Amino acid sequence: MPRLAFDPEKTPPILISGKSMSENKTGIWRSIRPKIDMDKCTHCMVCWKFCPEACVDLSSGDPQIDMGYCKGCAICADVCPVDCVEMVEEESR
Amino acid sequence: MPRLAFDPEKTPPILISGKSMSENKTGIWRSIRPKIDMDKCTHCMVCWKFCPEACVDLSSGDPQIDMGYCKGCAICADVCPVDCVEMVEEESR
Amino acid sequence: MKKVLMGNHAAAIGVKLARTDVVSAYPITPQTQIIEMLNDLDESGEFGGRFIKVESEHSAMAACLGSATAGARSFTATSSQGLAYMHEMLHWVAGARLPIVMCDVNRAMGAPWILWTDQTDSLSQRDTGWMQFYCSSNQEILDSVLMAYRVAEEVLLPAMVVYDGFTLSHTYEPVDVPDQKLVDKFLPKLKNEYALRADKAEAFSALPSPKEYYRLRARMDHDMGRALKVFEEAGKTFEELFGRRYELIEPYRCEDADTILVVSGAPASTARVAVDQLRKEGCRAGLLKMRAFRPFPAQALRDFVRPGMRLAVVDRNYSQGHHGIFCEEMKSALYSLEKPPEVYGFIAGLGGGDITPELLSEIWRDTDEGRADAAAPNWMEDAR
Amino acid sequence: MKKVLMGNHAAAIGVKLARTDVVSAYPITPQTQIIEMLNDLDESGEFGGRFIKVESEHSAMAACLGSATAGARSFTATSSQGLAYMHEMLHWVAGARLPIVMCDVNRAMGAPWILWTDQTDSLSQRDTGWMQFYCSSNQEILDSVLMAYRVAEEVLLPAMVVYDGFTLSHTYEPVDVPDQKLVDKFLPKLKNEYALRADKAEAFSALPSPKEYYRLRARMDHDMGRALKVFEEAGKTFEELFGRRYELIEPYRCEDADTILVVSGAPASTARVAVDQLRKEGCRAGLLKMRAFRPFPAQALRDFVRPGMRLAVVDRNYSQGHHGIFCEEMKSALYSLEKPPEVYGFIAGLGGGDITPELLSEIWRDTDEGRADAAAPNWMEDAR
Amino acid sequence: MLEIRFHGRGGQGTVLAAKMLADIVLRSGKGECMAIPEFGVERRGAPVLAYARISDGPIFLRTKIYEPDVVVVMDTAAAPSERVCEGLKSGGTILVNSEHSAEDLAKAWPDAKVIVIPARKIALKHGLGTPAAPVLNTAVIGAFCAAFDIADEKDMEEAIRGSVPIKIEENIAAAREAFEFISERRAHAAASV
Amino acid sequence: MLEIRFHGRGGQGTVLAAKMLADIVLRSGKGECMAIPEFGVERRGAPVLAYARISDGPIFLRTKIYEPDVVVVMDTAAAPSERVCEGLKSGGTILVNSEHSAEDLAKAWPDAKVIVIPARKIALKHGLGTPAAPVLNTAVIGAFCAAFDIADEKDMEEAIRGSVPIKIEENIAAAREAFEFISERRAHAAASV
Amino acid sequence: MTVKTSIPEPELLSAGHLACQGCGATLAMRYALKGLGKETVLVTPACCWTILAGPAPRLSVGVPLLHCPFATAAATASGLKAGLVAQGDEKTQVVVWAGDGGTFDIGLQALSGAADRNEDILYVCYDNEAYMNTGIQRSGGTPQKAWTMTTQGQKGSERPKKDIDSILEAHHIPYIATVTPGYPEDMVRKFKKARGIKGFRFIRVLSPCPPGWKHDSSATVDLSKLAVQTGSFALYEIENGDFRLNTKLAKRKPVGEYLSKQGRFRHLSEDDVKEMQATVDAAWEKYEKRG
Amino acid sequence: MTVKTSIPEPELLSAGHLACQGCGATLAMRYALKGLGKETVLVTPACCWTILAGPAPRLSVGVPLLHCPFATAAATASGLKAGLVAQGDEKTQVVVWAGDGGTFDIGLQALSGAADRNEDILYVCYDNEAYMNTGIQRSGGTPQKAWTMTTQGQKGSERPKKDIDSILEAHHIPYIATVTPGYPEDMVRKFKKARGIKGFRFIRVLSPCPPGWKHDSSATVDLSKLAVQTGSFALYEIENGDFRLNTKLAKRKPVGEYLSKQGRFRHLSEDDVKEMQATVDAAWEKYEKRG
Ligand SMILES: Cc1ncc(C[n+]2csc(CCOP(=O)(O)OP(=O)(O)O)c2C)c(N)n1
Ligand SMILES: Cc1ncc(C[n+]2csc(CCOP(=O)(O)OP(=O)(O)O)c2C)c(N)n1
Ligand code: SF4
Ligand code: SF4
Ligand code: SF4
Ligand code: SF4
Ligand code: SF4
Ligand code: SF4
Ligand SMILES: [Mg+2]
Ligand SMILES: [Mg+2]
């Protein structure tokens with residue numbers, strides 16, 4: 001183990017913290033996951049509006065939940081006006 | 001000049017500050033002094049009430065100003081209801 | 001009787017056993033469990049004193065200024081940013097000669113934000129007039145709170161009990177919880193003859209003349225010196241009552257050692273493992289554990305060292321622009337010796353980087369085999 | 001052109017000449033005239049920057065944290081209790097590598113309340129990562145503000161210009177006020193490549209790993225070391241432009257001196273009188289004036305000293321439980337020398353007690369004639 | 001010296017499991033045990049680690065644990081398999097709360113001994129926690145004590161009684177059930193070798 | 001080196017008087033001057049002290065002044081006589097703002113040279129301040145310059161112009177009148193000896 | 001994809017942040033940034049958001065963010081604004097994003113100073129009503145009778161919540177508003193409006209917090225709405241001293257509906273609930289008198 | 001000697017203190033001590049009274065006095081109270097005696113904390129409306145348009161005085177009162193009353209200051225009366241939120257009468273005076289509405 005494994009001169013004086021958090025997939029936090037019944041869904045996008053992870057994707061017209069990030073908080077299920085979001089147990093990996 | 005002109009052990013750890021300020025005669029601050037015209041004075045004691053130095057003595061019945069402390073602020077002259085307090089120039093010592 | 005306690009809980013129990021009258025504190029990681037346990041003890045009636053939940057650390061030490069001036073046994077606890085926020089009040093209560101005891105749970109200083117342990121927060125308070133005692137186990141934390149009150153109240157100077165954030169504060173290990181009656185013998189009720197009395201019109205900390213101020217500071221220096229003896233006597237009494245001995249500095253396997261690791265805090269515990277390992281490899285290694293930092297045990301160190309000895313001082317702190325703080329103070333204390341030992345300073349584990357037996361052994365070898373720099377600090381980054 | 005200025009006004013004019021963008025400060029004796037002059041310059045339009053009249057010193061340094069992060073040249077000024085109240089922020093802005101310049105007008109630390117000068121307030125900030133330069137005249141105050149910005153902005157570390165309360169701050173003496181155009185040459189507009197840019201989503205001072213934190217502190221140490229050279233180069237450039245030379249340490253009549261007074265601040269000026277007097281009495285006396293305290297000029301000192309030399313270090317400060325602070329750091333810096341000089345530490349003038357030529361001569365003689373204690377501090381109370 | 005790493009989920013008593021182990025070792029009088037949390041921010045639901053050291057004499061080593069002898073997985077969903085075997089000493093043991101068989105799980109960790117304990121099922125059976133947030137640390141510790149001869153059931157019970165704030169009897173029952181579950185497996189394995 | 005102590009009253013420009021002296025010495029180019037206030041709390045009306053050092057070369061001595069060569073009394077009511085001569089070097093001079101004669105005043109200070117200047121009268125004559133609070137520091141400095149050959153009237157005038165914030169012409173007039181008042185006395189004394 | 005809401009679609013809050021499941025303070029940031037837009041710089045003292053913004057080298061928001069010590073948010077922001085203006089940038093909005101502890105208690109000295117100077121900054125306090133980052137200790141924002149780790153007695157927190165909005169009003173500042181994530185349109189509108197006002201502006205965001213309030217992560221939005229519907233949290237704006245209620249509540253729901261869903265109020269007796277209802281009623285009497 | 005006033009005769013303030021001639025803050029202390037009596041301990045942060053209490057070894061008041069750092073008065077007093085109670089002394093009144101700077105600005109964090117805890121102490125702020133001890137710099141208590149050494153521009157101080165009484169009201173404390181030395185009987189009565197109330201009490205004493213307000217030393221009492229008679233300073237009590245005016249002013253004198261006697265307002269234009277009159281009128285509208 002060398003005295004200093006780095007050259008101080010090449011170390012920046014301060015850390016610049018600009019990389020997006022999106023590289024941190026929080027899906028692993030879930031113990032339950034939301035399942036949308038697309039037939040009953042009215043595309044009102046209330047689930048998009050109230051998701052704290054901003055992980056409901058609108059682009060396709062249907063509310064697509066990005067399971068890479070969804071923490072399974074079940075807010076979408078609570079706020080959906082037509083109750084078409086059901087929380088199901090996460091299968092243990 | 002001795003290394004330490006005192007014995008630390010005999011020096012108290014903190015200073016106790018309980019001696020009265022009254023040993024500090026503030027009369028020297030005056031450039032003008034109050035003179036009460038005892039004839040016109042009604043003994044209402046308003047001068048005693050408003051003196052910031054609390055140096056108007058009531059014991060004798062007449063308002064006796066203790067010139068050892070009076071700073072010549074002229075509040076007594078200002079508040080006296082019968083205007084019987086006159087401010088006169090301090091004779092230079 | 002023994003209980004499994006995290007370091008923070010050992011501290012809180014020490015405060016309860018000391019029958020502390022007034023605790024005033026503000027939460028900060030990694031100290032919060034001290035506050036939470038004292039709060040629970042307060043609400044369950046087990047803690048006889050008053051717990052003032054103040055709005056900041058500056059106010060925490062100010063409340064101690066008030067309660068200690070009234071002669072009450074007072075306690076607070078904080079860490080890094082909170083300790084630094086108290087700095088003005090640390091100078092003040094030391095100058096006011098108040099025997100307040102505080103736990104500082106070591107945490108490195110920002111910026112940037114940093115949660116993990118290093119000693120720069122406590123050591124950068126070295127000029128405030130506070131005594132400082134360093135702990136290497138949760139047992140030492142509990143015991144040091146009792147020792148700190150005993151010494152502080154004898155010499156009328158405040159004292160800091162300092163221990164590693166997370167490594168001790170959050171780590172559970174068996175701790176012998178002393179019996180209350182024995183603690184009452186070791187620590188009778190505080191009688192401070194200089195306390196404020198409601199019936200005596202006196203002012204505290206009024207403006208003195210320069211001469212009077214100089215003499216107050218000389219008296220303080222005299223009492224700080226006295227504290228060295230008072231600590232050692234308290235250590236003996238503690239051993240009689242509780243069976244554990246505490247000294248200003250504690251050598252381990254130094255009798256025949258030529259190169260000695262000088263370490264404080266939790267790393268001093270790990271250093272025993274390193275020394276044992278080096279001994280197995282045939283190296284004449286020793287460990288000197290520093291418990292007291294203020295008053296700095298200069299004479300004890302001068303008596304301990306032998307000419308030709310090499311000291312490898314491990315500083316988990318740094319005084320930018322000069323050196324590691326234990327190393328600097330060690331050199332200053334040994335300077336006047338006829339043949340002072342060689343002293344080498346190593347900077348390790350800043351920001352909570354792990355200090356492993358491997359790193360300590362490498363520090364020992366660099367010193368023993370003459371690879372270390374004698375003047376400048378040796379920066380030793382752990383490989384992991 | 002020369003003007004009669006009190007030290008505080010010399011500082012304010014230095015800040016104006018440096019075209020400082022943002023000043024944020026809070027009043028405290030003996031610093032208030034800096035604030036009042038900057039306020040007048042602000043209201044009369046002569047000071048182009050913004051003067052934020054904050055609600056406390058902790059907030060004063062916090063406002064500098066904000067303005068300096070935006071890349072603006074920032075300034076504050078304080079003293080004793082106010083400097084101590086900033087302590088958390090001093091650690092923070094140094095870790096954030098912000099080139100803030102601050103004047104600290106030395107005033108002893110309470111308790112008890114004390115108005116007059118000693119160095120314990122500035123020196124007890126020695127572990128916060130700030131550079132510290134000490135002044136012995138009002139001319140040095142003005143010049144040091146300019147020098148401090150030059151060095152700070154080169155190495156991205158904050159710098160304190162420190163001078164004696166009342167003895168310099170309130171004392172009027174002739175000061176050469178440099179020409180603005182020359183100052184602009186010496187101090188071009190600040191371009192901080194690490195400043196916050198409103199169009200770049202980046203966080204400043206976010207939580208790093210212990211390893212990253214360790215490397216940040218090692219880089220800081222590297223830059224603090226670089227600052228020694230940068231200061232000396234800046235001193236040469238300053239001489240070319242303004243005719244006055246500034247160095248880390250400044251010997252006076254030491255060429256053939258065996259015993260040398262080591263002094264800082266205004267007493268270093270009085271020490272010339274003492275040395276001249278001793279020389280008249282046939283004593284081989286010399287003076288070493290300490291200008292830089294952080295970064296500590298360890299190598300410069302090692303080069304300066306000769307074996308057999310005796311140093312009489314005058315500390316108008318005290319680190320309770322150890323020693324005078326200049327003396328302690330001097331011993332640590334010289335420790336690694338083959339034949340280190342004898343170093344004796346004297347504690348004088350705490351709380352503003354006068355440091356007279358007579359007292360300095362007595363210190364010199366005690367050292368020269370072997371009456372001084374080599375290990376413990378020598379407390380030297382002035383007779384008056 | 002036995003070095004252990006626990007993998008759990010924030011808010012589900014992972015550190016408390018390590019602490020209970022220390023209580024049990026103290027109660028047993030057969031050595032010393034130190035329980036060490038992961039030094040960071042614990043978020044409910046997020047993966048969390050805890051550690052323990054058990055040795056017969058006093059423990060002076062105060063560092064992180066890099067190469068554990070045993071890894072305990074309290075929630076497989078919160079412990080990606082590559083993280084589980086990170087630093088595990090070769091020949092080390094992985095005690096997993098799972099309803100899958102040891103063989104299936106061993107596929108993910110080829111060179112480790114895998115012991116399975118259906119701690120979640122046991123916990124829920126004794127009414128400890130909810131399906132989304134089961135309180136399974138006493139069951140895991142019960143299994144651990146049996147798997148590594150840490151203490152007998154009496155010491156284990158007394159220690160749990162002292163360190164669990166609520167539902168004391170249920171926690172003790174869950175620990176005993178797990179203890180027996182493992183003891184039987186060991187007895188069976190010993191007999192068939 | 002000439003060491004001077006000024007006795008005045010809080011709020012009446014005692015420190016400014018010392019500072020003006022420094023301006024004049026700088027303007028005269030004949031040496032260096034340092035003006036030093038009393039380091040404490042100044043209260044309006046309360047007695048206050050200020051100091052100055054004048055020397056031909058640079059001044060390095062930065063201490064209080066214990067044994068002044070000259071004491072300047074700007075308000076006899078605020079300066080008890082024993083305080084005035086405290087530390088005064090034997091044969092030192094006391095410059096007093098008073099309308100009494102030098103002889104009368106000398107009784108209080110037997111072994112000091114006493115010079116009298118009716119500074120208050122001069123100041124009020126030029127409309128400087130009020131009877132209760134006269135602004136007499138320029139008159140006193142004018143007298144001082146004449147008494148100790150500090151600078152000629154031209155340098156004195158320029159310096160006052162630079163350092164007095166308001167009523168500049170009146171202050172200059174007062175200073176010149178005091179200067180001449182002292183010069184005549186000195187000429188007269190020199191002639192009659 | 002036209003979303004049937006006035007809330008802008010672009011996200012300045014990125015997924016992957018470290019907030020607990022159902023964190024109200026994260027929804028608050030999401031909507032605030034939608035109202036503020038890109039030309040914004042955040043100043044954040046010690047609080048949960050110190051962590052949520054992301055450890056180095058990461059950042060979870062799309063604007064610059066300056067971390068600062070716990071007691072200094074408003075002072076640091078004052079300096080940052082002065083620094084930007086000195087560099088010629090008069091447009092960028094300097095916005096403080098602080099917790100209730102950093103606003104009601106340790107940061108009050110700096111907050112009051114900046115408001116007193118009428119600094120041109122927007123100070124946002126996301127109010128989760130306790131010190132959450134250090135383990136749920138009582139703050140000046142903790143409601144009376146609520147459980148926290150330092151108010152575990154039968155009566156919970158014994159002192160009322162500090163009326164921080166009135167404290168700000170006493171500083172004569174141009175704009176004060178209250179918002180909560182249950183009403184995102186109202187929230188975005190007020191942030192847009194605040195952006196356009198010069199001088200010191202203060203917005204307080206009631207932010208439900210599952211671990212702190214002991215409620216299920218799914219109930220965050222529901223609780224935020226119930227707070228308004230029961231009148232426990234009034235939505236209003238105070239512009240240069242003129243008070244205006246934003247939600248005209250025909251009939252307020254009983255406070256019990258809001259309290260019963262929170263574990264921190266589980267220990268309340270019926271009398272306690274009556275008392276809290278009386279407090280809410282008294283507050284509304286005052287609002288209506290002013291509104 | 002029967003004095004025709006309800007003020008007790010014994011003096012707990014001794015002559016010989018170092019106050020300037022005509023110091024309002026000294027009269028304030030004199031009357032406060034008459035109302036409080038002997039069983040009182042004072043806690044004083046940095047301010048003029050740090051000096052007026054007397055340098056060591058002296059004390060100008062007849063009760064114990066604990067000096068403390070500038071930002072800490074309310075916190076030090078909280079600790080002193082707890083310490084005395086721990087020693088068995090429940091009777092002695094712990095009274096903070098602080099200036100406006102130590103109360104409105106640097107001391108606000110500690111003040112708000114102690115009020116939030118409803119500490120059983122009486123906090124007295126003698127309000128001379130600037131930092132006098134350090135040479136008259138603007139404080140949060142400086143009135144709008146007033147001259148100070150740091151507000152010397154044509155418009156004087158550009159921000160309004162902080163409404164500290166409303167800030168205290170926002171802390172739900174049992175007693176708030178305003179007094180001034182021009183009405184010594186009212187002042188002594190309120191101090192006696194405050195002594196008897198449990199919990200956090202706040203009294204603000206308007207204290208004219210000759211050097212700071214640039215008025216003749218003789219005008220101190222006159223100005224104190226004029227402040228009340230012109231309505232610039234209202235005498236009132238707020239007991240548990242109930243507001244009561246103490247002086248029924250049939251007709252308020254014009255504010256000009258109060259302002260014209262102060263050098264710090266000499267630069268005011270007529271419009272300025274009109275503006276200040278409007279401000280006073282608006283305040284009285286509110287008082288009457290509440291009173
Ligand atoms: C000087 C100082 N004291 C204490 C702390 C510890 N600390 C960090 S965050 C926090 C609580 C923050 O509470 P709040 O402002 O309400 O934000 P929240 O965590 O609730 O989001 C505390 C006490 C600190 N970082 N600095
Ligand atoms: C931390 C700190 N900052 C600044 C000071 C300097 N200081 C002492 S008294 C004072 C002003 C006090 O003003 P106020 O509270 O209004 O009392 P006043 O002097 O007007 O009576 C100041 C700024 C100090 N002593 N401590
Ligand atoms: S809230 Fe429900 S109905 Fe609306 S888009 Fe989402 S899933 Fe569909
Ligand atoms: S469960 Fe929560 S995180 Fe997942 S999509 Fe629904 S609201 Fe978003
Ligand atoms: S106020 Fe006037 S009338 Fe009354 S007692 Fe005093 S001098 Fe006499
Ligand atoms: S002049 Fe002032 S000090 Fe003297 S008696 Fe009258 S009121 Fe008192
Ligand atoms: S503790 Fe509360 S505020 Fe903090 S991240 Fe978790 S849910 Fe959000
Ligand atoms: S400055 Fe004002 S408050 Fe202070 S002592 Fe003088 S008159 Fe009193
Ligand atoms: Mg909070
Ligand atoms: Mg004031």
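Residues numbered from 1 in each chain as written. Chains lettered and ligands numbered in written order. Predicted model: local features only at pLDDT ≥ 70, side-chain atom pairs only at ≥ 80, totals over all residues. Heavy atoms only, no water.

Examining the sheet that holds strand β4 (residues 74–78) of chain D
All names here are of chain D.
Piece 1. Taken in spatial order, the seven strands line up as β3-β2-β4-β5-β7-β6-β13 in an open sheet, and their pairing is mixed. Single-partner strands in this sheet number two, and they are β3 (50–53) and β13 (292–294). For this sheet the average axis-to-axis angle between neighbouring strands, irrespective of direction, equals 20°. (Pairing = 2+ DSSP bridges. Helix = DSSP H or I, 4+ residues; strand = E, 2+ residues; numbered from the N terminus. Axes fitted to C-alpha atoms, helices over the stretch in contact; angles between N-to-C directions.)

Structural notes on the nonpolar core
Piece 1. Of all hydrophobic cores here, the largest spans 499 residues; its most connected members are Trp49(G), Phe191(G), Trp49(H) and Phe191(H).
Piece 2. Those residues in contact with Phe191(G) that sit more than four places away from it in its chain are Ala32(G), Gly35(G), Leu36(G), Trp97(G), Leu122(G), Val124(G), Val179(G), Ile203(G) and Val205(G). (Core = buried A, V, L, I, M, F, W, Y, C linked by side-chain atoms within 4.5 Å. Buried < 20%, exposed > 50% of the residue type's maximum accessible area, 1.4 Å probe, protein only. Contact = heavy atoms within 4.5 Å.)

Re the site of ligand 8
Piece 1. As a matter of local geometry, ligand 8 sits amid Arg43(F), Cys20(H), Cys23(H), Cys48(H), Leu52(H), Asn128(H), Met132(H), Cys209(H), Pro210(H) and Pro211(H).
Piece 2. Looking at what sits near ligand 8, you find residues from chains F and H.
Piece 3. Sorting the residues of the shell around ligand 8 by element identifies α2 (48–52) and α8 (210–213) of chain H as the ones contributing at least two each.
Piece 4. Looking at side-chain class alone, the shell around ligand 8 contains eight nonpolar, one polar and one charged residues. (Near = heavy atom within 4 Å. Nonpolar A, V, L, I, M, F, W, Y, C, P; charged D, E, K, R; others polar.)

Here's the deal with the site of ligand 7
Piece 1. In the vicinity of ligand 7, the residues found are Arg43(E), Cys20(G), Cys23(G), Cys48(G), Leu52(G), Asn128(G), Met132(G), Cys209(G), Pro210(G) and Pro211(G).
Piece 2. In this structure ligand 7 sits where residues from chains E and G come together.
Piece 3. Contributions of two or more residues to the shell around ligand 7 are made by α2 (48–52) and α8 (210–213) of chain G.
Piece 4. Here the shell around ligand 7 is composed, by residue class, of eight nonpolar, one polar and one charged.

A few points about the pattern of salt bridges
Piece 1. Scanning all chains against the criterion turns up 180 salt bridges over all chains.
Piece 2. Among the salt bridges present, the one from Arg371(C) reaches Glu369(C), with a minimum N-O distance of 2.7 Å.
Piece 3. By relative accessible area, which is 46% here, Arg371(C) ends up partly exposed.
Piece 4. Arg50(D) serves as the salt-bridge partner of Glu119(G), at 3.1 Å between the closest nitrogen and oxygen. (Salt bridge = Lys/Arg side-chain N within 4 Å of Asp/Glu carboxyl O.)

Considerations on the coordination of the magnesium ion (ligand 10)
All names here are of chain H.
Piece 1. At this site the magnesium ion (ligand 10) is bound by Asp100 (OD), Asn128 (OD1) and Ala130 (O), with donor distances of 2.0 to 2.1 Å.
Piece 2. The sequence pattern formed by the donor residues of the magnesium ion (ligand 10) is D-x27-N-x1-A. Taken as a pair, aspartate 100 in helix α4 (residues 100–105) and asparagine 128 in the loop between β5 (122–127) and α6 (164–169) lie far apart in primary sequence, 28 residues in all.
Piece 3. Judged by its relative accessible area of 1%, aspartate 100 falls in the buried class.
Piece 4. Take asparagine 128: its relative accessible area is 5%, and that puts it in the buried class. (Donors = N, O, S within 2.8 Å, 3.2 Å for Na, K, Ca; no water.)

Regarding the packing of helix α1 (residues 14–28) of chain F against helix α6 (residues 153–163) of chain F
Residue and element names in this part refer to chain F.
Piece 1. Direction vectors running N to C along α1 and α6 enclose 130°, while the axes themselves pass 8 Å from each other. Classified by the angle between their axes, α1 and α6 sit oblique to one another. In this structure, α1 meets α6 at a crossing whose hand is right-handed. Facing α1, whose interface residues are Leu16, Lys19, Met20, Asp23, Ile24, Arg27 and Ser28, α6 presents Asp155, Met156, Glu158, Ala159, Ile160 and Ser163.
Piece 2. Of the residues belonging to the contact of α1 with α6, the class tally is six nonpolar, two polar and five charged. (Parallel < 35°, antiparallel > 145°, perpendicular 65-115°, else oblique. Left-handed = near helix turned anticlockwise from the far one by under 90°.)

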